[in-house]
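Given next are the chains, with one letter for each unit.
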Amino acid sequence: MKELDRRLIQIVPAARQLSLQQMEFYAFVHFTVNTFTNREWGDGKESPSIFNPIHLDANQWAKNIRDAGMKGMILTCKHHDGFCLWPSKYTWHSVASSPYKDGHGDIVAEAAAACKKAGIKFGIYLSPWDRNQPLYGQGKKYDDYFVAQLTELLTGYGDIFAVWFDGACGEGPNGKKQYYDWNRYYEVVRSLQPGACIHICGPDIRWCGNEAGDTRASEWSVVPRRTADTEKIAAASQQNDDSNFRQRIIRAQDQDLGSRKILQDEQELIWYPAEVDTSIRPGWFWHPQEDHQVHSLEKLIDIYEKSVGGNATLLLNIPPTSEGLFHENDAARLQELGAYIRRSYRENLLDCARLSASPAAPGHDISSCRQPDAAYYLPADETGSATIEMHWEKEITAERILIQEQILCSQRVESFAVDAWINHAWQQIAEGTTIGYKKILRLHGIQTTALRLRILDSRIAPTIQFMGVYA
Ligand code: FUL
């Protein structure tokens with residue numbers, strides 16, 4: 001077992017993956033001709049003349065995104081319909097042929113500038129599947145077109161934090177078949193934007209496997225390399241525009257991607273953390289009939305705490321209307337969500353607690369987990385178990401406990417429990433498997449003077465980088 005553990009803890013995030021994980025929560029913005037046709041997938045035959053978001057204000061998007069606590073925005077620069085939100089030199093199927101700003105608009109530039117102004121990062125979604133481009137299905141000719149567009153986006157708009165390659169394709173068995181030269185795409189991204197993560201059909205960030213906002217109960221970042229097989233990701237992706245698709249939960253057989261049992265016979269392992277992508281409303285694009293179906297604050301909090309607090313990142317979509325603005329209902333919900341997150345995690349009750357723990361390895365004292373810096377607690381004992389106690393002089397009411405591993409030392413914890421001191425005895429109030437970058441547990445207003453974290457099983461020894469207890 002220890003031999004396997006030693007092998008597993010060698011797998012750690014690249015710098016770009018660590019930065020992305022630390023962003024935690026960022027936005028998707030789906031916007032194209034579909035916004036004007038009330039569809040989810042365009043067929044590529046739409047006339048650019050329908051595209052005219054007369055009140056477009058990317059600053060309104062960026063400001064609401066930032067206020068919600070999100071750290072970046074990924075824009076659908078080109079969705080499956082092939083319409084480009086920037087004046088690409090390689091096609092006329094773009095804003096340049098639309099009435100928007102008399103064909104002089106560039107929405108990618110507007111969005112990138114708005115992100116910069118709001119102090120958030122900017123990323124791009126460029127759909128490999130293109131229903132407008134006649135070269136699609138012609139092998140290298142289409143790859144050349146795709147790479148040319150990718151190059152425009154990666155060189156003309158400043159720093160890009162994310163490149164999102166969708167696996168969706170609705171061509172069906174008798175449709176066009178394009179064999180994408182993925183490695184060529186990746187090399188272009190690496191050479192032009194080495195800090196960008198390549199998401200989904202790419203080596204850096206893993207699709208969680210559904211669009212409903214579900215996170216696995218045990219989310220692992222060290223997984224078999226075959227998990228990043230683009231053909232398989234594409235096969236599991238959307239094959240038609242049926243909106244029921246996004247309700248599908250993670251398939252049962254996929255629940256465990258990275259326990260020791262799964263990894264023991266794998267030759268090749270990679271750091272490949274999960275991203276949960278979902279929309280604030282039923283559709284990815286704006287549909288006027290969904291203006292009153294914006295998810296409740298409770299639902300969004302639940303998605304947030306299970307994803308960001310479940311060792312995944314959260315990519316939340318907000319679709320602008322045909323006027324080019326976030327609808328007031330979506331904007332109001334984003335404001336509420338941001339206020340809720342700020343309020344909930346403002347005051348760490350651990351600041352006034354006495355901390356003790358199983359004997360620490362030199363330089364890795366338990367006090368290291370009071371600050372969210374790189375320092376971490378590490379027990380001297382390498383068997384994989386450890387106990388951390390928190391004591392208060394006066395009774396506290398705790399709503400949440402937050403625990404973070406130092407993922408630069410890989411993901412190690414396999415099993416843990418939390419106890420509270422109630423009626424002069426320890427009572428177990430929560431348990432879990434993985435912790436990873438961040439675990440948030442709801443404690444439902446427990447009243448106590450002491451809490452205890454028991455790490456029951458871990459690869460070598462657990463590393464605890466930060467802990468928080470919140471009222
Ligand atoms: C899917 C696409 O087909 C949807 O339209 C949307 O862009 C979603 C994020 O990915 O695969």
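Relevant structure appears above.
Everything quoted here is computed from the prediction, not taken from an experiment.

Trainee: Let's hear about the overall build of the protein chain: which residues, and what values?
Mentor: Assigned secondary structure in the protein chain consists of 11 helices and 16 strands. On C-alpha atoms alone, the protein chain measures out to a radius of gyration of 23 Å, which is about the 23 Å that the 2.2 N^0.38 rule sets for 471 residues. The dimensions of the protein chain, computed from C-alpha atoms along their principal axes, are 70 × 50 × 35 Å. Counting every position in the protein chain, which comprises 471 residues, the buried fraction comes to 61%. In the protein chain, the share of contacts with a sequence separation of at least 24, taken over all contacts with a separation of at least 6, comes to 79%. Just so you have it, the protein chain exposes about 18900 Å², and 50% of that area is on carbon and sulfur atoms. Within the protein chain, one finds 50 positive and 60 negative side-chain charges whose respective centroids are separated by 2 Å.

Trainee: So what's going on with helix H5 (residues 107-118)? Which residues, and what values?
Mentor: Here H5 spans 16 Å end to end across 12 residues, near enough to the 16 Å set by a 1.5 Å rise per residue. Listed in full, the buried residues belonging to H5 are Ile 107, Val 108, Ala 111, Ala 112, Ala 114, Cys 115 and Ala 118. Down the axis of H5, the sector holding all buried residues measures 160°, keeping them to one side. Turned more than 90 degrees off the buried face of H5, the exposed positions are Lys 116 and Lys 117. Packing partners of the buried residues in H5 comprise helix H4 (58-67), strand S2 (72-78), strand S3 (121-126) and helix H6 (140-156). In this structure Asp 106 caps H5, since a side-chain oxygen of it lies 3.1 Å from the backbone nitrogen of Val 108.

Trainee: I'd like a description of the side chain of Arg 400, backed by residues and values.
Mentor: Relative to the elements of secondary structure, Arg 400 occurs in strand S12 (residues 386-405). At 2.3 Å, the side chain of Arg 400 and the side chain of Tyr 340 are in polar contact. At 3.4 Å, the side chain of Arg 400 and the side chain of Tyr 345 are in polar contact. With sequence-adjacent residues up to four places away left out, Arg 400 is seen in contact with Glu 305, Tyr 340, Ser 344, Tyr 345, Ile 440, Leu 441, Arg 442, Leu 443, Gly 468, Val 469, Tyr 470 and Ala 471.

Trainee: Any details on the nonpolar core? Residues and values, ideally.
Mentor: Of all hydrophobic cores here, the largest spans 107 residues; its most connected members are Trp 61, Leu 150 and Phe 165. When near neighbours in sequence (up to four residues on either side) are disregarded, Phe 165 contacts Leu 126, Pro 128, Phe 146, Leu 150, Trp 182, Tyr 185, Tyr 186, Val 189, Ile 198, His 199, Ile 200 and Cys 201. In terms of nonpolar packing, the next biggest core, distinct from the first, is built from 31 residues, Tyr 377, Ala 386, Val 413 and Leu 451 among them.

Trainee: Would you mind going over the site of the ligand in detail, with residue names and values included?
Mentor: Every residue near the ligand is listed here: Phe 28, His 30, Trp 41, His 79, His 80, Tyr 125, Asp 166, Ala 168, Glu 211, Gln 238, Asp 277 and Trp 284. Residue His 80 places a side-chain N or O atom 2.9 Å away from an oxygen atom belonging to the ligand. At a separation of 3.2 Å, an oxygen atom of the ligand approaches a polar side-chain atom of Gln 238. Here the ligand occupies the largest cavity. Of the residues assigned to the shell around the ligand, the class counts are 5 nonpolar, 4 polar and 3 charged.

Trainee: Tell me about helix H7 (residues 182-192), residues and numbers included.
Mentor: Of the positions making up H7, those classed as buried are Trp 182, Tyr 185, Tyr 186, Val 188 and Val 189. One face of H7 carries all of its buried residues, which in axial projection span an arc of 160°. Across H7 from its buried face, at more than 90 degrees, point the exposed residues Asn 183, Glu 187 and Ser 191. In the core, the buried residues of H7 are packed alongside H6, strand S4 (162-165), strand S5 (197-200) and helix H8 (230-236).

Trainee: Can you break down the pairing of strand S9 (residues 274-279) residue by residue, with the values?
Mentor: Looking down a regular strand, the side chains alternate between one sheet face and the other. S9 sits mainly inside the fold: 6 of its 6 residues count as buried. Where burial is concerned, the two faces of S9 agree: the one with Ala 274, Val 276 and Thr 278 and the one with Glu 275, Asp 277 and Ser 279 are both buried. The pairing of strand S6 (residues 206-207) with S9 spans 2 bridges and is parallel. Opposite Arg 206, over in S9, you have Ala 274 as the bridge partner. Read as a crossover between parallel neighbours, the route from S9 over helix H10 (residues 297-307) to strand S10 (residues 312-317) is right-handed.

Conventions adopted
Residues numbered from 1 in each chain as written. Predicted model: local features only at pLDDT ≥ 70, side-chain atom pairs only at ≥ 80, totals over all residues. Heavy atoms only, no water. Helix = DSSP H or I, 4+ residues; strand = E, 2+ residues; numbered from the N terminus. Rg over C-alpha atoms; globule rule 2.2 N^0.38 Å. Buried < 20%, exposed > 50% of the residue type's maximum accessible area, 1.4 Å probe, protein only. Contact = heavy atoms within 4.5 Å. Areas by Shrake-Rupley, 256 points an atom, 1.4 Å probe, with all protein chains shown as cover. Lys, Arg positive; Asp, Glu negative; His and termini not counted. Charge placed at Lys NZ, Arg CZ, Asp CG, Glu CD. Expected span 1.5 Å × (residues − 1). Arc of directions from axis to C-beta. Polar contact = N/O pair within 3.5 Å; in protein donor to acceptor, adjacent residues only side chain to side chain. Core = buried A, V, L, I, M, F, W, Y, C linked by side-chain atoms within 4.5 Å. Near = heavy atom within 4 Å. 1 Å grid on protein atoms, 1.4 Å probe; cavity = no way out; pocket = protein on both sides within 12 Å on 5 of 7 lines; lining within 4 Å. Sits in = over half its atoms within 2 Å of the grid points. Nonpolar A, V, L, I, M, F, W, Y, C, P; charged D, E, K, R; others polar. Pairing = 2+ DSSP bridges. Right-handed = clockwise from strand over helix to strand, strands pointing away.

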